[in-house]
Amino acid sequence: MTGVLLRARQVTRRFGAFTAVDDVSMQVQPGEVVGLLGANGAGKTTLIRMLLGLLAVTSGSVELLGGVPDREHRRRLGYVPQGLGLYGDLTAAENLLFSARAYDSAVPALPPALAGRADVLVRELPLGAQRQVAFLAALAHSPEVLVLDEPTSGVDALARAALWDTIRGQAEHGAGVLVTTHYMQEAQQCDRLLLMSNGKLVAQGSEADIIGSTTAVAVRTGDWAQAFAALNAAGAPVMLAGRAIRVANADPGELHEVLTAAGIQATLQPVPATIEERMLVLAREASAS
Amino acid sequence: MIVKEFRELVRDRRTLGLLVMMPLLLLVIFGYAANFYVSSLKTAVVGPQASQVAAQLPPFFNVTVTQPSGTKADAETLLQDNKVDVAFVSGQTPVLALVNGSNLFAAQSAVAALNKAGNKVQTQVLYNPDLKTSWVMVPAIIGLILTFIGTIITSIGMVREREAGTLEQLAVMPIKPSQVILGKIAPYFLVAAVDMVIVTVLGIVLFGVPFNGNPFAFALGAAIFLFVTLGLGVFISTVSQTAGQAIQTAFFFLLPQILLSGMIFPLEAMAAGVRWIGYLLPLTYFTMISQGIMLRGAPITSLWLPFVVLTVMALVVFTGATLRFRRDLAPGRPASPAHKQPAAAESVSTA
Amino acid sequence: MTYSVRSATVRFGHVLALDDVTVEVPGGSVVAVVGGDGAGKSTLLRALAGEVALESGTIEAPPKERLGYLPASSGSWAALTVTQNIDFVAGIYGLAGEELAARRAELLDRASLTPAAGRLAAQLSGGMRRKLGFIMAIVHRPELLILDEPSTGIDPVSRIDLWRLASEAAASGAAVLMSTTYLDEAERAAHLVVLDGGKILVQGSYDQVRAGFAGVVTQGAAPVRPEWAWRRGRVRHEYWPGAAPPPGTTAVPPDLEDIVIALSLARRNAVPS
């Protein structure tokens, strides 16, 4: 089935005087993995809830699988919320059974790694295993569109890789996936990105589109701790990457002055900025206004 | 959906226990304990020819005290100390029968029996002359309110820390477990005390319930009783993981006290097999104190038994609760493995 | 002053949560502990904080007055405001009056929480709540600071703030032990510890860990041995512990994520003894 799976057209949502989502338009096509980025409070969860039909829009329209997001259309949707939506006091097998019956699908088999723990209560399972069970439950009815809210938060590298395997596998089979994440590394695994800030969609597209015109300067020095302190004290948007210091949207000349005044020797080099730096700059702009 | 709910129910042992045990408990209680009819009354006979008078009394009046040299004042003291339900004063015609109005059902049975004797006996009901139910209930309800606040609300208050995950932080700070407990129950102590004063005043004003005794003794009894119920609240919180569980457990402690403490059904009328439960309940003893002081103006010495029992209960419960609480707060055997909260949900975390 | 956990073993019933683990946390530096769920990170931190008893081994830690702890849960009291939270904790540690007010103002400023000072903790966003928990843990300038997954589930900008706060604490002399699932944070630490199933897979500075890593990591579209491969972006990486990889495969310099995953796979695929 081709056609747009999820669509928002100039969607706005207000809660009293507060605008949570402001004139956002986006879509998710079959076979693509779209990453939704943004600070907490940026409006990501509110947007998702409107796309799923759990929350009404104040203005604009949403489409789920070409129609209104009602129960019929949600049958073809797989959703894993941040809280996983599993019953802690049921076993893994029982959870899968329940969800299969609810969607009228076949019961998914547990992978070999979990099969031995099928009768363990979900709340006794480690987080990575819980997430796997939640995934299985959401995928059992072969949904055409998947919405995942921070699917890998708190999970270790190996389990994260395994979960992304599943996600990409679904996309390869033609499903469309909308993912929110705070791991910038995962943002790089998406086909397309959407960046929200303060309810607005400030950028979309590839990683380069998201980074936009943000610049960065890398500061390499022996006393990284002192350099960090000096730049921080001067109010520069400083970040650490590895052991190198990076400053976003900065003028190398000004930085050099600050460092020299603090008696620190360092080399400054303009480098390509990262998504995090864009978000840091956005956050500063928001708090300054 | 049905299958899932059944599965969850089976695993939720506390709810299951409540659903199964509660009907059984109610059946047993109503079967054996619910009895408004008192079968025999503790009686005293005071005055000249006491033994002869005693011998003439029907077996309904179980004579436990005879004082040939006693006077009417002695008879009143016996009643005030709640040693007997009825005291006959001989040596005049008609014989004077003083009835202890603070034991409502006993008094009602006594009056009914004495009325059959016609004008051989002059009946006088002390402490609750009109045999009003409210006069007997209000002192008991004061105790019930203290139990309610103490047990249910304290247990929720403590469990809140556990649910919010902040218990761990308290454990690592230089604050002693006893300080945490005291800090946590102090507000409830105050609230309960204020509540008690309001209910007592309202009882007196609205229902005309007397307050014949020493208010300081009453306050002391209430304070000790509060400690028992607050201690129970703390204890319940140490065995509960969620507020829901805490409320269920507290309810389990509360219901027997309502039914078996003598508040509704008189203790003397219960079958012996069930009556002993009543003697284990703190509310039973506080009701003795509150009824004694408010209705009979009883001196604290005559109430030594409930005071001592409550003090012992307070010590036992508090020690047990503090020890369990210390286990949660301080290192020792780890109480449970550290398990991660599923999904780093922002402001709400579940244990 | 170096604090430590030495040869620590912790058991919960039948589960061996920590198995002969030794970790040192020197003053003035940040030690990061990484590992999957169930690896023992929280247990290690709680052992050092004195929350969990050891079956064997020793702990060197300061008394409670000189220790700061941020648990994996929220870390603050939801029904209190930001200011009330700080005041409560500061009071327990003996701060009062002007000293307390000054310290509170300083900490709120460093965490950029001053505009939210009067807000209830429950109304803060996740990142702000975590920052509040952090400053509550350092209000008394502890010598040892223990942070249990401070940045999990938190937005990237708040994560940067939290790392900055932790670095500042270390820079002022505190010994900082933190657990994290973000490997880029671990890379920045002076010393990192990789835990798996209660055992230490490897520890050292990032350079030491990289230098000590044996084996080769290759990159390709399809794995040769699936049980030794994992997805990385659009391609797959594969780990060759001992034998040299077959010709036709492209070796890549391993980063921390590669190393951690490779070591976990080595442990998982090892023949049980």
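Everything numeric in this text was worked out from a predicted model, so none of it was measured. (Residues numbered from 1 in each chain as written. Chains lettered and ligands numbered in written order. Predicted model: local features only at pLDDT ≥ 70, side-chain atom pairs only at ≥ 80, totals over all residues.)

A. Spatial organisation of the overall build of chain A. Regarding its fold elements, chain A presents 11 helices and 13 strands. Over its C-alpha atoms, taken along the principal directions, chain A stretches across nearly 70 × 45 × 35 Å. Counting only contacts in chain A whose residues sit at least 6 apart along the sequence, the fraction spanning at least 24 positions is 71%. (Helix = DSSP H or I, 4+ residues; strand = E, 2+ residues; numbered from the N terminus. Contact = placed C-beta atoms within 7 Å.)

B. Molecular detail of the domain arrangement of chain B. All names here are of chain B. By the assigned domains, chain B splits into domain 1 (41–126) and domain 2 (133–329). Between the C-alpha centres of domain 1 and domain 2 there is a distance of 35 Å. At the junction of the two partners, domain 1 supplies eight residues and domain 2 supplies 12 residues. In terms of residue count, helix α5 (residues 104–115) provides more of the side of domain 1 that touches domain 2 than any other element does, three residues in total. (Domains from an automatic or database assignment.)

C. Seen up close, the interface of chain A and chain C. With 34 residues of chain A at the contact, the number on the chain C side is 31 residues. At the level of secondary structure, the elements contributing two or more residues to the side of chain A that touches chain C comprise α5 (127–139), α6 (157–172), α9 (224–233), β11 (238–241) and α11 (275–288) of chain A. Per element, the largest residue contribution to the side of chain A that touches chain C is seven residues, and it comes from α6 of chain A.

D. The pairing of strand β3 (residues 33–38) of chain A, seen in detail. All names here are of chain A. Burial runs high along β3: six of the six residues are buried. Pairing geometry for β3 and strand β7 (residues 176–180), over four bridges, is parallel. Its bridge partner being in β7, Val-33 is matched across the sheet by Val-177. Alignment of β3 against strand β8 (residues 192–197), held across five bridges, turns out to be parallel. When the bridges of β8 are listed, Leu-37 appears paired with Leu-195. (Buried ≥ 20, exposed ≤ 12 C-beta atoms within 10 Å, placed from the backbone. Pairing = 2+ DSSP bridges.)

E. Region of the structure containing the nonpolar core. Val-247 of chain A together with Leu-44, Val-139, Ala-166, Val-176 and Leu-177 of chain C are the most contacted members of the largest nonpolar core, which has 183 residues in total. Examining the composition of this core, we find that nine residues originate from one element, α5 of chain A, more than from any other. Sequence-distant contacts of Val-176 of chain C, that is, excluding residues within four places in its chain, are made with Val-30, Val-31, Leu-145, Ala-166, Ala-169 and Ala-170 of chain C. Formed by 88 residues, the second largest nonpolar core is a distinct cluster that contains Val-99, Met-158, Ile-236 and Met-263 of chain B. (Core = buried A, V, L, I, M, F, W, Y, C linked by C-beta atoms within 7 Å.)

F. Inspection of the packing of α11 of chain A against helix α5 (residues 156–171) of chain C at higher detail. α5 of chain C packs onto α11 of chain A with a crossing angle of 90° between their chain directions and a minimal axis gap of 9 Å. The orientation of α11 of chain A with respect to α5 of chain C, classified from their angle, is roughly perpendicular. For the pair α11 of chain A and α5 of chain C, the contacting residues are Glu-276, Met-279, Leu-280 and Ala-283 of chain A in the first and Pro-156, Val-157 and Ile-160 of chain C in the second. Residue composition of the contact of α11 of chain A with α5 of chain C, by class: six nonpolar, no polar and one charged. (Axes fitted to C-alpha atoms, helices over the stretch in contact; angles between N-to-C directions. Parallel < 35°, antiparallel > 145°, perpendicular 65-115°, else oblique. Nonpolar A, V, L, I, M, F, W, Y, C, P; charged D, E, K, R; others polar.)

G. Geometry of the pairing of strand β1 (residues 6–15) of chain A. Residues and elements named next belong to chain A. Two strands pair when backbone bridges link them, and β1 and strand β2 (residues 18–28) are joined in this way by seven bridges, in the antiparallel orientation. Residue pairing in the sheet places Arg-13 in a bridge with Val-21 of β2. Counted along the chain from β1 to the antiparallel partner β2, the turn is two residues long, and its residue Gly-16 has a positive phi close to 65°. Here five bridges tie β1 to strand β4 (residues 59–64), and the two strands are oriented antiparallel to one another. In the strand pairing of β4, Arg-9 is matched with Ser-61.

H. Seen up close, the confidence of the model for chain A. With 98% of its residues at a pLDDT of 70 or more, chain A has an overall mean of 85. The spread of mean pLDDT over the elements of chain A runs between β11 of chain A, the lowest at 73, and β7 of chain A, the highest at 93. (pLDDT = per-residue confidence, 0-100.)

I. Up close: α11 of chain A. The first and last C-alpha atoms of α11 of chain A sit 20 Å apart over 14 residues, in line with the 20 Å expected at 1.5 Å per residue. Along α11 of chain A, the residues classified as buried are Ile-275, Glu-276, Glu-277, Arg-278, Met-279, Leu-280, Val-281, Leu-282 and Ala-283 of chain A. (Expected span 1.5 Å × (residues − 1).)

J. Just unusual backbone geometry, in detail. Residues and elements named next belong to chain A. We note that Asp-104 has phi near 60°; this positive angle belongs to a residue other than glycine. Its identity is not glycine, yet Asn-249 carries a phi of approximately 45°, on the positive side. Examined against the element boundaries, Asn-249 turns out to sit in the loop between β12 (244–248) and α10 (252–261). On the neighbour-count criterion, Asn-249 (18 C-beta atoms within 10 Å) is partly exposed.

K. Up close: the confidence of the model for chain B. All names here are of chain B. On average, chain B scores 81 in pLDDT, and the residues at 70 or more come to 93%. Within the model, the stretch residues 332–351 combines pLDDT values under 50 with 55 contacts to residues more than four positions away or in other chains. This prediction of the complex comes with two scores: 0.78 for pTM and 0.76 for ipTM.

L. Local environment of the sheet that holds β8 of chain A. All names here are of chain A. A sheet is described by the order of its strands in space; here six strands give the open sequence β5-β6-β7-β3-β8-β9, paired in mixed fashion. One side of each edge strand has no neighbouring strand; the edge strands of this open sheet are β5 (77–80) and β9 (200–205). With strand direction ignored, the average angle separating the axes of adjacent strands in the sheet is 15°. Note that β5 and strand β6 (residues 145–149) share four bridges and pair parallel. Bridge pairing links Leu-77 to Val-145 in β6.

M. Region of the structure containing α5 of chain C. Residues and elements named next belong to chain C. Its 16 residues place the ends of α5 22 Å apart at the C-alpha level, agreeing with the 22 Å of an ideal helix rising 1.5 Å per residue. Within α5, 13 of the 16 residues are buried, which leaves it mostly tucked inside the rest of the structure. With its phi angle positive at about 110°, Gly-173 sits one or two positions after the end of α5.

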